[in-house]
Amino acid sequence: MSDATGSTGLGARIARRIRAEGPLSVAAFMAMALHDPEYGYYRHQYPIGRDGDFITAPEISQIFGELIGLWCADLWRRMGAPDPVTIVELGPGRGVLLADFLRAAGTVPEFRRAMRLYLVEASPVLRVAQAECLAAAAPVFVADLDAVPEGSLLLVANEFFDALPVRQFVRCRNQWAERLVAVDEGGRFVFVDGRESALATALVPAALRDSPAGTIAEICPSSAALAGGIASRLVRHEGAALLIDYGHGVATPGATLAAVRLHRAADVLEDPGMADLSVHVDFAAIAVAAVAAGAQAYGPMPQGRFLTALGADARLAALCAGAPRDRRDRLERGLTRLIDPREMGTLFKALALVSPGLPAPAGFEAGL
Ligand code: SAH
């Protein structure tokens, strides 16, 4: 039996909190829906794959992880081949990206031997899948980036920043107000506007402040904080980070928070914990935070252009040579999906954060 607030105990738990504390920020609602220790989406659901809720680039084509592995190997050489070198993946999903990465990096045996692998993963179910898939590389699981030892760093995050909680603001008559989540008389979650204030206005990106009444703006404090943390590390030790996600390169108005369940759009506020919640990433805000902390930022570069610049077509041709027809078709279809502007080629983007003093990484030399 499901009541108005959902089918697990989480809806009731969030509703109790709202009744006790007042309406919650969208970020607080999102954090509980994704990470509640008992019923949070990432605590109990198996998100990725045909039987999950969504599919990601490394699951679509092995070329994705392979090219990222070679991108890192190239940077490692330019960094002077540090040994050891820390490889971090944020949110490694089923471990597929790193498995492909490691296979490709095996072509540079000294790089492969120097690697120490650290995985930041919230989901216990996915941690099991990653431990199995990457057993040969003996990964160490850590709670967050702060728990990764200091040293030369190569960090990869694919579809990680889109899961970080956002706050939403709505332009009212004179000022902006935070958009909040309340419970209505029927016990359902609803969006309500908080009070207009100069403080709320100050939190909205300057480029959006003069938008017409009713405009919604999103900010993601945790992604700016994480970008700052990565950049500070890159200032202390040589290295780079590659962040790939769907999103925009300049501050863009509109609510992008969306729910996906079993590969279909779902209601953001309905049945919390049962659907994945994600947002379009504001790459401009991430780059600004990283540059403020001392790193260089390159991009964001459309994913299609980035993969093509790294040699995706040559890799496809090599994999297809001598392969049976159905495997060739699958490889071609997979890469097209990642690169075609009508599919993931343009909406998805790559941003590189690099230590001061290192040259532009592969794929970003030409600029935009
Ligand atoms: N990178 C993978 C998976 C993307 S899905 C791929 O491309 O297939 C998002 C991943 O981030 C999942 O592994 C999820 O469990 C993890 N995740 C989301 N929020 C997290 C958080 N706050 N801390 C750690 N891991 C998180």
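Remember, it's a predicted structure, so these values are computed and weren't measured experimentally.

Focus: the domain arrangement of the protein chain
Then comes step 1: For the protein chain, the assigned domains read domain 1 (9-39 + 167-214) and domain 2 (57-165 + 220-354).
Then comes step 2: Using C-alpha coordinates to define each centre, domain 1 is positioned 29 Å away from domain 2.
Then comes step 3: Counting residues at the interface gives 21 residues for domain 1, matched by 19 residues for domain 2.
Then comes step 4: Of the roughly 1,500 Å² buried where domain 1 meets domain 2, counting both sides, 80% is carbon and sulfur surface.
Then comes step 5: Counting across the interface, domain 1 meets domain 2 through zero salt bridges.
Then comes step 6: Counting across the domain 1 and domain 2 interface gives zero residue pairs in polar contact (both at pLDDT 80 or more).
Then comes step 7: Looking at the side of domain 1 that touches domain 2, the elements that each hand over two or more residues are α1 (9-21), α2 (26-35), β6 (167-171), β7 (176-183) and β8 (189-197).
Then comes step 8: Split by residue class, the side of domain 1 that touches domain 2 holds 16 nonpolar, three polar and two charged.

Section: the site of the ligand
Then comes step 1: Near the ligand there are 19 residues, and of these T56, G91, E121, A122 and N158 occur at the shortest range.
Then comes step 2: At 2.4 Å, a side-chain N or O of E121 approaches an oxygen atom of the ligand.
Then comes step 3: Contact distances for the ligand include 3.0 Å between a nitrogen atom and a backbone N or O atom of A122.
Then comes step 4: Isolated, the ligand exposes 560 Å² of accessible area, and the fraction of that covered by the protein chains is 93%.
Then comes step 5: For the shell around the ligand, the per-class residue count stands at ten nonpolar, six polar and three charged.

What counts and what doesn't
- Residues numbered from 1 in each chain as written.
- Predicted model: local features only at pLDDT ≥ 70, side-chain atom pairs only at ≥ 80, totals over all residues.
- Heavy atoms only, no water.
- Domains from an automatic or database assignment.
- Contact = heavy atoms within 4.5 Å.
- Buried area = accessible area lost by both parts, 1.4 Å probe.
- Salt bridge = Lys/Arg side-chain N within 4 Å of Asp/Glu carboxyl O.
- Polar contact = N/O pair within 3.5 Å; in protein donor to acceptor, adjacent residues only side chain to side chain.
- Helix = DSSP H or I, 4+ residues; strand = E, 2+ residues; numbered from the N terminus.
- Nonpolar A, V, L, I, M, F, W, Y, C, P; charged D, E, K, R; others polar.
- Near = heavy atom within 4 Å.
- Areas by Shrake-Rupley, 256 points an atom, 1.4 Å probe, with all protein chains shown as cover.

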